[in-house]
Amino acid sequence: MTATAPAPAPASASGQVSLRRILPPVVTGQELVLLGVLVVLWVLLGIFTPAFLTPGSIGPLLVQVAPIALIGVGMTFVIITAGIDVSVAATIMVSAVVTARVLVAADVPAVLAVLLAIAIGALLGTVNGVLIAYGRVHPIIITFGTANLFQWLGLRVFDSSTVNGIPGTLDFFGRGAAGSTLGVPHSFAIAVVAVAVAWWFLRYAKAGRNLYAIGGNQNAARLAGIKVQPRLVWVYGITGALAGLAACMIIATGTSSLDQSVGSGKELQVIAAVVIGGTSILGGRGSVVGTMLGALLVQTVVSGVTQLGWPTQLGFLFVGICILIAVGTDLIRERARRRA
Amino acid sequence: MTAVDTATQGGRHGRDPEPRPSALDRARVWVASGGLKERATLLLGLIVVLLVVMSILDGVGLTSGRFNSDYLASTLIAYVPLALLALAELFVITSGRGGIDLSVGSMVSLTGVVFAMLYQQAMLPLAAAIVLAVLFGALLGAVNGFLTAYLGYPALITTLATFYAYRSIALVVSEQRPISGPEISSFYSAAKAVELPVIGASLPLVPLGVFTFLLPVAIVAWFVLNRTTYGRKLYAIGTNDTAAQWAGIDTRRTRMMAYVTAGAISGLVGVYTVAQFASARPDAGTSGSGMALPAITIAVLGGVAITGGIGRLSGILLAALLIVWLNASILLVVPGNEGAQAQLLALGVVLLGASLLSNASIRRRSTGLTKPVGVPGTAAGTSR
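Just so you know, these numbers come straight off a predicted model, no measurement behind them.

Cut-offs applied
- Residues numbered from 1 in each chain as written.
- Chains lettered and ligands numbered in written order.
- Predicted model: local features only at pLDDT ≥ 70, side-chain atom pairs only at ≥ 80, totals over all residues.
- Heavy atoms only, no water.
- UniProt positions renumbered as here; feature names shortened; annotations may be inferred.
- Helix = DSSP H or I, 4+ residues; strand = E, 2+ residues; numbered from the N terminus.
- Contact = heavy atoms within 4.5 Å.
- Buried area = accessible area lost by both parts, 1.4 Å probe.
- Salt bridge = Lys/Arg side-chain N within 4 Å of Asp/Glu carboxyl O.
- Polar contact = N/O pair within 3.5 Å; in protein donor to acceptor, adjacent residues only side chain to side chain.
- Nonpolar A, V, L, I, M, F, W, Y, C, P; charged D, E, K, R; others polar.
- Buried < 20%, exposed > 50% of the residue type's maximum accessible area, 1.4 Å probe, protein only.
- Patch = residues over 30% accessible without salt bridge, like charges linked within 9 Å, V, L, I, M, F, W, Y side chains within 5 Å.
- Areas by Shrake-Rupley, 256 points an atom, 1.4 Å probe, with all protein chains shown as cover.
- Core = buried A, V, L, I, M, F, W, Y, C linked by side-chain atoms within 4.5 Å.
- Phe/Tyr/Trp six-rings, centres within 6.5 Å; stacked < 30°, edge-to-face > 60°.
- Lys NZ or Arg CZ within 6 Å of the ring centre and 35° of its normal.
- Axes fitted to C-alpha atoms, helices over the stretch in contact; angles between N-to-C directions.
- Parallel < 35°, antiparallel > 145°, perpendicular 65-115°, else oblique.
- Expected span 1.5 Å × (residues − 1).
- pLDDT = per-residue confidence, 0-100.

### A word on the UniProt feature "transmembrane region" (unreviewed entry) in chain A
All names here are of chain A.
Logical step 1: When the UniProt feature table is mapped onto this chain, "transmembrane region" (unreviewed entry) is found at residues 32–54, 61–80, 86–104, 111–134, 179–202, 233–258 and 310–332.
Logical step 2: Taken end to end, residues 179–202 is 71% helix and 17% strand, and its first and last C-alpha atoms sit 30 Å apart.
Logical step 3: As annotated, residues 310–332 has a helix share of 83% and a strand share of 0%, and its two end C-alpha atoms lie 32 Å apart.

Here you go:
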């Protein structure tokens with residue numbers, strides 16, 4: 001107590017020094033491994049299926065990666081705080097169906113539709129956050145519960161049928177010519193920007209560092225003066241908002257009709273991308289760059305299997321193996337680090 | 001614990017002149033000591049409330065069909081797999097260290113397909129096919145267990161990976177087509193409703209699966225959990241892994257066995273779904289939101305602590321019963337598609353309500369804010 005008491009003045013200076021000391025390297029080992037694996041996979045696929053390394057094949061792949069990577073950014077935040085959100089699929093569903101219905105009913109501009117989708121997602125995410133932060137029940141239980149509620153909500157809006165005749169308002173995010181500039185799909189570019197901002201935020205912003213502290217030890221974080229509960233609400237709210245934005249991309253990449261299975265299974269795909277990216281499911285450690293690479297890897301494997309002419313479902317066997325290998329190498333390095 | 005002490009003391013000091021505690025007082029003490037917060041009691045209460053409400057609605061004529069014992073018994077066909085898989089989750093979640101099994105649905109699909117291949121295509125006798133299917137399920141569970149207990153993978157990751165892997169294998173091996181045939185069609189008799197012998201005439205027809213699948217497993221599980229050293233070890237490692245290790249328990253082996261058990265039970269459910277649908281659907285356990293999420297939900301609703309070490313068979317069986325009957329009731333009150341949707345709402349509300357409520361009451365007890373008995377509107381009033 002007495003030792004730390006007389007040091008209020010140089011706190012900011014020493015804070016700067018220690019920040020540099022505790023920050024992980026700009027690129028972690030896991031990210032290098034993933035990058036290497038991706039390059040090898042792409043080269044191999046390029047050799048065995050000549051069609052793979054063409055813009056006509058890479059473009060759609062990136063379009064499909066975008067929503068996963070985008071939600072993955074939020075999910076990385078969540079998992080860094082030692083939480084989890086299994087309700088994102090249901091959030092996508094609600095956001096997508098409401099937006100689609102509004103698009104069909106009224107001729108709204110794309111910006112409004114996107115804002116609406118994001119707002120719905122953020123609202124649902126905030127519900128998660130409030131229940132988790134103030135209810136103090138394990139996040140997986142809360143989000144299992146809210147996933148059911150959101151699904152009910154979404155199905156009510158669907159009203160036992162599909163939403164047909166969705167206009168092309170959101171083509172900005174789509175697969176078509178309107179969806180990309182100079183060969184880069186807009187949705188993927190948005191995901192990259194989101195990853196870049198989140199990378200800066202997690203590394204240099206105080207609020208971002210706080211997330212690691214919360215995940216490392218929630219009680220210690222609280223005692224260190226971090227407002228844990230508002231932070232948690234915010235984190236789940238952001239994840240919901242990103243799921244809302246991803247819902248727009250999913251509407252745009254689909255056909256002109258939307259059925260009730262929209263978003264189904266996405267929660268596990270997102271979690272898979274995050275853990276493959278080296279984010280520890282136990283909290284306190286993780287990176288959004290890894291998540292982006294993880295999302296790319298998952299989609300590459302799934303698309304690659306299809307392009308090789310193997311059964312599509314076989315791709316998910318490789319996804320499972322990827323998860324085990326990625327997390328396994330991370331476990332080994334973590335053990336070596338602890339021994340050092 | 002403290003609530004009991006203060007309650008009994010308060011009773012002794014405050015009410016000396018009274019000759020002996022009346023039934024009402026004893027009930028109050030029981031309530032204040034957490035009797036109502038006991039998960040089994042809460043669930044039983046909710047089931048009774050549900051039955052009473054539905055009987056009234058049935059009497060008034062607001063239901064689309066008859067709500068009677070025949071209807072309730074017939075819904076038990078859905079109860080068997082739900083309760084069994086929740087039981088599998090009980091073993092895994094109780095083993096602690098973030099134990100959870102997302103892959104049960106995939107294991108159900110895969111063992112169902114394997115069972116159908118053994119029974120229909122390899123023409124094995126029924127008993128041999130069932131035993132092999134269950135062993136195969138145990139093997140799948142052993143993979144989960146080895147990765148989690150021995151290699152140190154977080155359970156969520158292991159079972160997420162095997163969820164994808166097993167589901168994929170089931171779909172590829174079966175070429176995404178359900179397997180059926182004369183043998184499997186006749187195997188449907190294992191799940192259909194029967195009249196019980198001796199007393200059956202006065203009772204509703206109960207699905208046979210309750211007796212052939214659920215009851216034996218439940219009895220064995222109860223015995224293992226409560227009357228064997230393995231059960232004690234399981235609760236020990238779930239409560240405190242380090243302490244259990246120092247007490248000489250092989251924590252890794254014990255944890256692995258929990259996953260093996262979950263796999264074996266999933267294998268049995270795989271066989272059951274083949275009987276229930278009269279064909280082996282490769283997506284039986286994974287279609288829609290899958291079987292794992294409801295199973296975990298039921299387990300949590302049944303009072304299994306997600307942090308491990310706490311969980312009882314009675315809670316599982318009652319929670320599954322509550323959900324199955326609640327779903328069945330909703331279908332009678334809300335007809336058609338809306339009814340199926342309302343089931344989602346009900347499940348979410350019940351799960352959130354139960355977990356938030358029990359958490360609040362645990363906190364109130366642990367922080368000592370529970371007032372002693374005799375003060376109206378305290379523990380008794382707030383615990384519903």
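Moving on, there is more to tell.
### A closer look at the interface of chain A and chain B
Logical step 1: With 42 residues of chain A at the contact, the number on the chain B side is 41 residues.
Logical step 2: Taken together, both faces of the contact between chain A and chain B bury some 3,700 Å²; the carbon and sulfur share is 75%.
Logical step 3: Ranking the residues of chain A by area buried against chain B places F144(A), Q313(A) and L324(A) at the top, with a combined share of 17%.
Logical step 4: Put simply, chain A and chain B have 0 salt bridges between them.
Logical step 5: Our count for the chain A to chain B interface comes out at 6 residue pairs in polar contact (both at pLDDT 80 or more).
Logical step 6: Mapped onto the side of chain A that touches chain B, the elements with two or more residues apiece are α5 (110–135), α6 (139–158), α11 (266–276) and α13 (314–339) of chain A.
Logical step 7: Sorting elements by how many residues they give to the side of chain A that touches chain B places α6(A) first, with 12 residues.
Logical step 8: For the side of chain A that touches chain B, a count of residues per class yields 25 nonpolar, 13 polar and 4 charged.

### Section: unusual backbone geometry
Residue and element names in this part refer to chain B.
Logical step 1: Residues other than glycine seldom take positive phi values, yet M123 does so here, at roughly 60°.
Logical step 2: Note that M123 resides in the loop between α6 (104–121) and α7 (126–150).
Logical step 3: Overall, the relative accessible area of 55% leaves M123 in the exposed class.
Logical step 4: With a phi close to 60°, Q176 is a non-glycine residue in the positive phi region.

### Topic: a nonpolar patch on the surface
Logical step 1: A cluster of nonpolar side chains, namely L32(A), L35(A), V39(A), V40(A), V43(A), L44(A), I47(A), F48(A), L308(A) and W310(A), defines an oily patch on the protein surface of about 950 Å² accessible area.
Logical step 2: As for its placement among the helices and strands, I47(A) is situated in helix α2 (residues 29–48).

### Some remarks on the nonpolar core
Proteins that are soluble and globular tend to have nonpolar side chains buried together.
Logical step 1: Within the largest apolar cluster, 213 residues are counted, with the highest numbers of intra-cluster contacts made by F77(A), I140(A), L170(A), L258(A), I323(A) and Y164(B).
Logical step 2: Beyond its immediate sequence surroundings of up to four residues, I323(A) is in contact with A272(A), V275(A), I276(A), I157(B), L160(B), A161(B) and Y164(B).
Logical step 3: Counting 5 residues, the second largest nonpolar core, distinct from the first, contains A138(B), A142(B), M256(B) and V260(B).

### Here's the deal with the side chain of T253(A)
All names here are of chain A.
Logical step 1: Note on placement: T253 falls in helix α10 (residues 228–253).
Logical step 2: Separated by 3.2 Å, the side chain of T253 and the backbone oxygen of I250 make a polar contact.
Logical step 3: Beyond its immediate chain neighbours, meaning those up to four positions away, T253 contacts V63, F173, G174 and R175.

### Describing the pattern of salt bridges
All names here are of chain B.
Logical step 1: According to the stated counting rule, one finds 4 salt bridges over all chains in the structure shown.
Logical step 2: Among the ionic pairs, D241 bridges to R97, the shortest N-O distance being 3.5 Å. Of this pair, D241 sits in helix α12 (residues 241–246) while R97 sits in the loop between α5 (76–94) and α6; the two residues are 144 residues apart in sequence, bridging distant segments of the chain.
Logical step 3: Residue D241 is classed as buried on the basis of its relative accessible area, which comes to 14%.
Logical step 4: A salt bridge links D283 to R281; its shortest N-O distance comes to 3.5 Å.
Logical step 5: Via salt bridges that share partners, R97, D241 and R255 belong to a single interconnected network.

### Structural notes on the packing of aromatic side chains
Logical step 1: Overall, the coordinates contain 10 aromatic pairs over all chains when judged by the stated rule.
Logical step 2: Note on F77(A) and W234(A): the rings are 6.2 Å apart at their centroids and 15° apart in plane angle, and the pair reads as stacked. With a gap of 157 residues between them, F77(A) in helix α3 (residues 55–80) and W234(A) in helix α10 connect regions that are remote in the sequence.
Logical step 3: For W234(A), a relative accessible area of 37% puts it in the partly exposed group.
Logical step 4: Above the face of the F316(A) ring, R167(B) is positioned so that its terminal group lies 5.0 Å from the ring centre.
Logical step 5: Of note, R281(B) hangs over the ring of F277(B), and the distance from its end group to the ring centre comes to 4.6 Å.

### Digging into the packing of helix α10 (residues 209–227) of chain B against helix α13 (residues 251–277) of chain B
Between two packed helices, both the angle of their axes relative to each other and the distance between the axes serve to describe the pair.
All names here are of chain B.
Logical step 1: For the pair α10 and α13, the least separation of the axes is 12 Å and the interaxial angle reads 180°. When the axes of α10 and α13 are compared, the pair comes out roughly antiparallel. Each of G209, F213 and V217 in α10 lies in contact with α13, whose residues at this interface are I265, L268, V271 and Y272.
Logical step 2: Taken together, the residues of the contact of α10 with α13 sort by class into 6 nonpolar, 1 polar and no charged.

### Considering α5(A)
Given 3.6 residues to a turn, an α-helix orients residues that are three or four positions apart in the same direction.
Residue and element names in this part refer to chain A.
Logical step 1: Helix length check: α5, at 26 residues, gives a terminal C-alpha distance of 37 Å against a target of 38 Å (1.5 Å per residue), a fit within 8%.
Logical step 2: All of the buried residues in α5 are A113, V114, A117, I120, G121, L124, G125, N128, G129, I132, A133 and G135.
Logical step 3: Where α5 terminates, the next one or two residues include R136, which has phi positive at roughly 50°.

### Thoughts on the environment of E31(A)
Residues and elements named next belong to chain A.
Logical step 1: Residue position: E31 is located in helix α2.
Logical step 2: With 246 residues separating them in the primary sequence, E31 and G277 have C-alpha atoms 6.9 Å apart.
Logical step 3: Within polar-contact distance, the side chain of E31 engages the side chain of S287 at 2.3 Å.

### Describing the confidence of the model for chain A
Logical step 1: Averaged over chain A, the pLDDT score is 84; the fraction of residues at 70 or greater is 92%.
Logical step 2: Within the model, the stretch residues 1–15 of chain A combines pLDDT values under 50 with 0 contacts to residues more than four positions away or in other chains.

### Here we look at the environment of L352(B)
Logical step 1: Along the chain, L352(B) turns up in helix α16 (residues 337–366).
Logical step 2: L352(B) gets classed as buried once you look at its relative accessible area, which sits at 8%.
Logical step 3: A C-alpha to C-alpha distance of 10.0 Å links L352(B) and V300(B), two positions 52 residues apart in sequence.
Logical step 4: For L352(B), the contacting residues outside a window of four places in its chain are L131(A), I142(A), G145(A), T146(A) and L149(A).

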